[in-house]
Amino acid sequence: MNSFILLIYIMTRNFLLILLLLCFLTCTDATEHNKKPKENKLTLLDSISIPISQTTMPHPKFVNFSKAVNGLYIFNEANFEIQLYDIKKVHLLDEISLETEGPNGVGVKINGFYVHEKDSIWIYPNLKNYFFTIDSEGSIKHTHSYFDESTTPISASIKLGQNLKKIKMVTGTLTIWFTATLRL
């Protein structure tokens, strides 16, 4: 009987040692798992409210900020135009009417725009392999193919709404929150 108890004692001890060894081998350093990756945080920098015209669509799809004129460009689908708002004086500065057909026609639908300079606005027509450069009057200056690098200014990438993270339309007023991304 003593040998049987001794055998059970040895087996139980070996089992507990193996179990303890497995726990040490499978568990890694807890501090590595608790470390969170660095996260980006959005911080509110400023906000403005701009009174808008009665014809401006309540939720604009395409918005672009230009440092050159310190203005906000908004594509107004209702009138098929790009509106320029002065964010310092908080009012409408200019409206650039776009044509759908003819020598200055950009099509009936656009997928966005990018304000490169005041007289160089890139218009991206829907389902086309090219885009247009228009001036501040809405006249087409150039047609650029996405596939011909010699005619594509800088790049064909669309940089829409950089630094504009939240846009909210309230009856008659466009409120914009400017945010910055901070890396910790």
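An account of the accompanying structure is given in this report. Small disclaimer: the values here were computed from a predicted structure and weren't measured.

1. A few points about the sheet that holds strand β7 (residues 120-125)
The antiparallel open sheet is built from four strands, whose spatial order is β6-β7-β8-β9. In this open sheet, the two strands that pair with only one neighbour each are β6 (110-117) and β9 (140-145). The sheet shows a mean angle of 20 degrees between the axes of neighbouring strands, direction not considered.

2. Things to note about the pattern of salt bridges
Enumeration over the complete set of coordinates arrives at one salt bridge. Lys-61 is the partner of Glu-77 in a salt bridge, and the nearest nitrogen-oxygen pair spans 3.6 Å. Of the two residues, Glu-77 is situated in the loop between β3 (71-76) and β4 (81-86) and Lys-61 in the loop between β1 (40-51) and β2 (63-66); the sequence distance between them amounts to 16 residues. For Glu-77, a relative accessible area of 34% corresponds to the partly exposed category.

3. Structural notes on the sheet that holds β2
Within a sheet, adjacent strands bond to each other through the backbone by hydrogen bonds, running parallel or antiparallel. Pairing within the open sheet is antiparallel, and its four strands lie in the order β2-β3-β4-β5. Single-partner strands in this sheet number two, and they are β2 and β5 (91-97). Each strand of the sheet is rotated relative to its neighbour by a mean of 25 degrees, with strand direction disregarded. With six bridges connecting them, β3 and β4 associate as antiparallel partners.

4. Some points on the side chain of Ser-66
With respect to the element layout, Ser-66 can be found in strand β2. With sequence-adjacent residues up to four places away left out, Ser-66 is seen in contact with Gly-71, Tyr-73 and Val-115.

5. Quick look at a nonpolar patch on the surface
Judged by side-chain polarity, Phe-15, Leu-16 and Leu-19 come together as a nonpolar surface patch covering roughly 310 Å² of accessible area. Position of Phe-15 relative to the elements: it lies in helix α1 (residues 2-26). Of the residues examined, Phe-15 reaches a relative accessible area of 53% and is grouped as exposed.

Thresholds, definitions, all that
- Residues numbered from 1 in each chain as written.
- Predicted model: local features only at pLDDT ≥ 70, side-chain atom pairs only at ≥ 80, totals over all residues.
- Heavy atoms only, no water.
- Pairing = 2+ DSSP bridges.
- Helix = DSSP H or I, 4+ residues; strand = E, 2+ residues; numbered from the N terminus.
- Axes fitted to C-alpha atoms, helices over the stretch in contact; angles between N-to-C directions.
- Salt bridge = Lys/Arg side-chain N within 4 Å of Asp/Glu carboxyl O.
- Buried < 20%, exposed > 50% of the residue type's maximum accessible area, 1.4 Å probe, protein only.
- Contact = heavy atoms within 4.5 Å.
- Patch = residues over 30% accessible without salt bridge, like charges linked within 9 Å, V, L, I, M, F, W, Y side chains within 5 Å.
- Areas by Shrake-Rupley, 256 points an atom, 1.4 Å probe, with all protein chains shown as cover.

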